[in-house]
Amino acid sequence: MTTGGEDSSPWLGLLRWSLQYTDGTKPSNETMSPMTTEDRAFLEAVMKDGVIDPAKRMKEILAHLNIWLRNFLGDGNDENKFNEDEMVDLLEELHEIVENIDFARDCVKMNGVPFLLGCSSERKVPRPVRLQCLNISSTLSQNNPPVQEAMLREHDALNILTNLYLTEMADDPGGSMRKCIVQALSCMVRSHRIGEESFCSSDSCRYVIEEGIGCHTPNDVHAQNSSPGLQKKCVFVLKALLHSDFSSSERINKFTLAIKRAIDFIDPENISEADIDLKETTLDLLLGLVKQHKNVDAIVEEKKRIIQSGICRVQALQAITDPDEKEFIHEELNLWENIMIELAKFDVTDHESIESNTAKLMISSS
């Protein structure tokens, strides 16, 4: 991390010094001489100035952000007035620092999490600043168990972010704020047993996923206000939670409504070609559920609709002859074919769970 154009590593400082005192046109043995006291002092200064301590810089950034935010909210003096562009720049710098897993943990120890959550939740703060704070929260906790633990246990981040999502629902037409909130929630709980269980057991958290993919909105209204980015993010989180090593029949059952709504995304009549990523994520979700056999109730109930959509879609994809287009749709076609194969393997005579031993799963002879 650099400021004022300073070099970020000692070797860059050394290079700068070397370039200043030799032009490379003479052999080094002709230009080298014992270093004078002045030259040594200069070199030491260059080396010192060329190194930025990320932990120290992070502390400085958090202090600046705290002062600016207090002034913006009317709880500070006028000496350091809020500057949105500069605040965003500092947040971007902080984001780069915490991409390092160790510095992310240092940020938590510096009480950076309360600031990020508070700034994200303060609706008076400019939207770009809030979004950047949410992005940093995601980076802090992603694949970082100690940070996930701290955010869940010490900072009540699960409830704070869930409540923030519910608050933003009425005033987020493009879905960008809700998408960032879902991303932050996802990074905080994924691959963390307590985090996943807490999320899946919460009615409010499950509602976040359901609302994001349109479970509680009439289709015509949802079509007008849909956000493919939010939908994809929610289906991705749904897939991660239900395919998780910690998943169970009970967990899958709790998301039945979301699973059935996601099936709409693979219906050729309900989704445009531009949403290929959403279709592939949904197909991957369904294929994993069928293969793991923990709970296929929702799949069984929608089996006929899935097969009808699959036959129609596979025929359309197989009819494509353009090499570039065939490469583009290769993954979707492969997912569809695998799902059709898996569905053809069994014939369930009732809608009970396989795990409850009341479903009849029969291998097809065809």
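It should be emphasised that the depicted structure is a prediction, and the values quoted were computed from it without experimental measurement.

Chemist: Explain the overall build of the protein chain here, please?
Modeler: A count of helices and strands for the protein chain gives 22 helices and zero strands. Relative to its full complement of 366 residues, the protein chain shows a buried share of 45%. On the protein chain, roughly 19,200 Å² of surface is accessible, and the fraction owed to carbon and sulfur atoms is 49%.

Chemist: When you look at the confidence of the model for the protein chain in this model, what are you seeing that I'm missing?
Modeler: If pLDDT is low for a region, its predicted coordinates should not be looked at in detail. A residue-level look at the protein chain finds 76% of positions with pLDDT of 70 or above and a mean pLDDT of 83. Here residues 1-9 is a poorly scored stretch, pLDDT under 50, and it has 23 contacts once near neighbours within four places are set aside; other chains count.

Chemist: I would appreciate a short explanation of helix α4 (residues 54-72) in the present structure.
Modeler: A turn of α-helix holds 3.6 residues, and therefore any two residues three or four places apart point the same way. Between the first and last C-alpha of α4 there are 26 Å, a value that for 19 residues agrees with the 27 Å anticipated at 1.5 Å per step. Residues Arg57, Met58, Ile61, Leu62, Leu65, Trp68, Leu69 and Asn71 constitute the buried set of α4. Residues of α4 that are buried make contact with α5 (84-98), α6 (101-109) and α7 (112-121). For α4, the N-terminal capping position is held by Asp53, with its side-chain oxygen 3.1 Å away from the main-chain nitrogen of Ala55. Just past α4, the residue Gly74 takes up positive phi, approximately 80°.

Chemist: Where do I start with the side chain of Asp264 in this structure?
Modeler: Summarising the element assignment, Asp264 is placed in the loop between α17 (256-263) and α18 (276-292). Since its relative accessible area comes to 14%, Asp264 is described here as buried. Those residues within four positions of Asp264 in sequence are excluded, and the remaining contacts are Asn270 and Arg305.

Chemist: Could you clarify how one ought to interpret the pattern of salt bridges in this entry?
Modeler: Any two side chains of opposite charge can pair, given that their charged atoms come close. Within this structure, the stated rule accounts for 21 salt bridges. The salt bridge partner of Arg127 is Asp172, with a shortest N-O separation of 2.6 Å. Within this pair, whereas Arg127 is found in helix α8 (residues 127-141), its partner Asp172 is found in the loop between α10 (157-168) and α11 (176-189), the two being separated by 45 residues in sequence. Shared partners join several salt bridges into a network, and the residues in it are Arg123, Arg130, Glu168 and Asp171.

Chemist: For this particular structure, what's the right way to read the environment of Ala298?
Modeler: Inspection of the secondary structure assignment puts Ala298 in helix α19 (residues 297-301). Its relative accessible area of 6% is what places Ala298 among the buried residues. Between the alpha carbons of Ala298 and Leu286 there is a distance of 9.7 Å; along the sequence they are 12 residues apart. Leaving out residues up to four positions away in the same chain, Ala298 has contacts with Thr256, Ile259 and Lys260.

Chemist: Is there a simple way to think about the nonpolar core in this case?
Modeler: In globular proteins that are soluble, nonpolar side chains generally tend to be buried together. By size, the foremost hydrophobic cluster in this structure holds 89 residues, and its most contacted members are Met87, Leu140, Met188, Phe199, Phe255, Ile299 and Ile306. Element by element, the count of residues in this core is highest for α11, at eight residues. Excluding its chain neighbours within four sequence positions, the residues that come into contact with Ile306 are Ile263, Ile266, Leu286, Ile299, Trp336, Ile339 and Leu343.

Chemist: Would you take a moment to explain the packing of α8 against α11 for this structure?
Modeler: When two helices pack together, you describe them by how their axes are tilted relative to each other and by the distance separating the axes. Two numbers describe how α8 lies on α11: the axes approach to 7 Å, and their chain directions differ by 20°. Put simply, α8 runs roughly parallel to α11. When you trace α8 past α11, the crossing you get is left-handed. Side by side, α8 and α11 meet where Arg127, Arg130, Leu131, Leu134, Asn135, Ser138 and Ser141 of the first sit next to Ser176, Met177, Cys180, Ile181, Gln183, Ala184, Cys187 and Met188 of the second. A per-class count over the contact of α8 with α11 returns eight nonpolar, five polar and two charged.

Chemist: Would you mind showing me how to read α7 here?
Modeler: The buried fraction of α7 amounts to seven of the 10 residues, a majority that puts the element mostly inside the structure. Residues Gly112, Val113, Phe115, Leu116, Leu117, Cys119 and Ser120 constitute the buried set of α7. Of the surrounding secondary structure, the elements contacted by the buried residues of α7 are α4, α5, α6, α8, α9 (145-153) and α10.

Chemist: Hey, could you run me through a negative patch on the surface in this one?
Modeler: On the surface, a cluster of negative charge is contributed by Glu84, Asp85, Glu86, Asp89, Glu92, Glu96 and Glu99. Residue placement: Asp89 occurs in helix α5.

Chemist: Honestly, the side chain of Arg313 in this entry has me stumped. Any pointers?
Modeler: By secondary structure assignment, the location of Arg313 is in helix α20 (residues 303-318). Look at Arg313 and you get buried, because its relative accessible area is 8%. Among the polar contacts made by the side chain of Arg313, one reaches the side chain of Glu332 at a distance of 2.7 Å.

Chemist: When you look at the packing of α17 against α18 in this model, what are you seeing that I'm missing?
Modeler: Across the interface, α17 lies against α18 with an axial gap of 10 Å and an inter-helix angle of 130°. As summarised for this structure, α17 and α18 are arranged oblique, according to the angle between their axes. For the pair α17 and α18, the crossing hand works out as left-handed. Contacts between α17 and α18 pair Ile259, Ala262 and Ile263 from the former with Thr282, Leu285, Leu286 and Leu289 from the latter. The class makeup of the residues in the contact of α17 with α18 is six nonpolar, one polar and no charged.

Chemist: Looking at this model, I keep getting lost on the environment of Ile266. Mind explaining?
Modeler: Looking at where Ile266 falls in the secondary structure, it is placed in the loop between α17 and α18. Overall, Ile266 belongs to the buried group, its relative accessible area being 2%. Distance in space between the C-alpha atoms of Ile266 and Lys279 is 5.4 Å, their sequence separation being 13 residues. Not counting residues up to four positions away in its chain, the partners in contact with Ile266 are Lys279, Thr282, Leu283, Leu286, Ile306, Ser309 and Trp336.

Reading guide: rules and limits
Residues numbered from 1 in each chain as written. Predicted model: local features only at pLDDT ≥ 70, side-chain atom pairs only at ≥ 80, totals over all residues. Heavy atoms only, no water. Helix = DSSP H or I, 4+ residues; strand = E, 2+ residues; numbered from the N terminus. Buried < 20%, exposed > 50% of the residue type's maximum accessible area, 1.4 Å probe, protein only. Areas by Shrake-Rupley, 256 points an atom, 1.4 Å probe, with all protein chains shown as cover. pLDDT = per-residue confidence, 0-100. Contact = heavy atoms within 4.5 Å. Expected span 1.5 Å × (residues − 1). Polar contact = N/O pair within 3.5 Å; in protein donor to acceptor, adjacent residues only side chain to side chain. Salt bridge = Lys/Arg side-chain N within 4 Å of Asp/Glu carboxyl O. Core = buried A, V, L, I, M, F, W, Y, C linked by side-chain atoms within 4.5 Å. Axes fitted to C-alpha atoms, helices over the stretch in contact; angles between N-to-C directions. Parallel < 35°, antiparallel > 145°, perpendicular 65-115°, else oblique. Left-handed = near helix turned anticlockwise from the far one by under 90°. Nonpolar A, V, L, I, M, F, W, Y, C, P; charged D, E, K, R; others polar. Patch = residues over 30% accessible without salt bridge, like charges linked within 9 Å, V, L, I, M, F, W, Y side chains within 5 Å. Lys, Arg positive; Asp, Glu negative; His and termini not counted. Charge placed at Lys NZ, Arg CZ, Asp CG, Glu CD.

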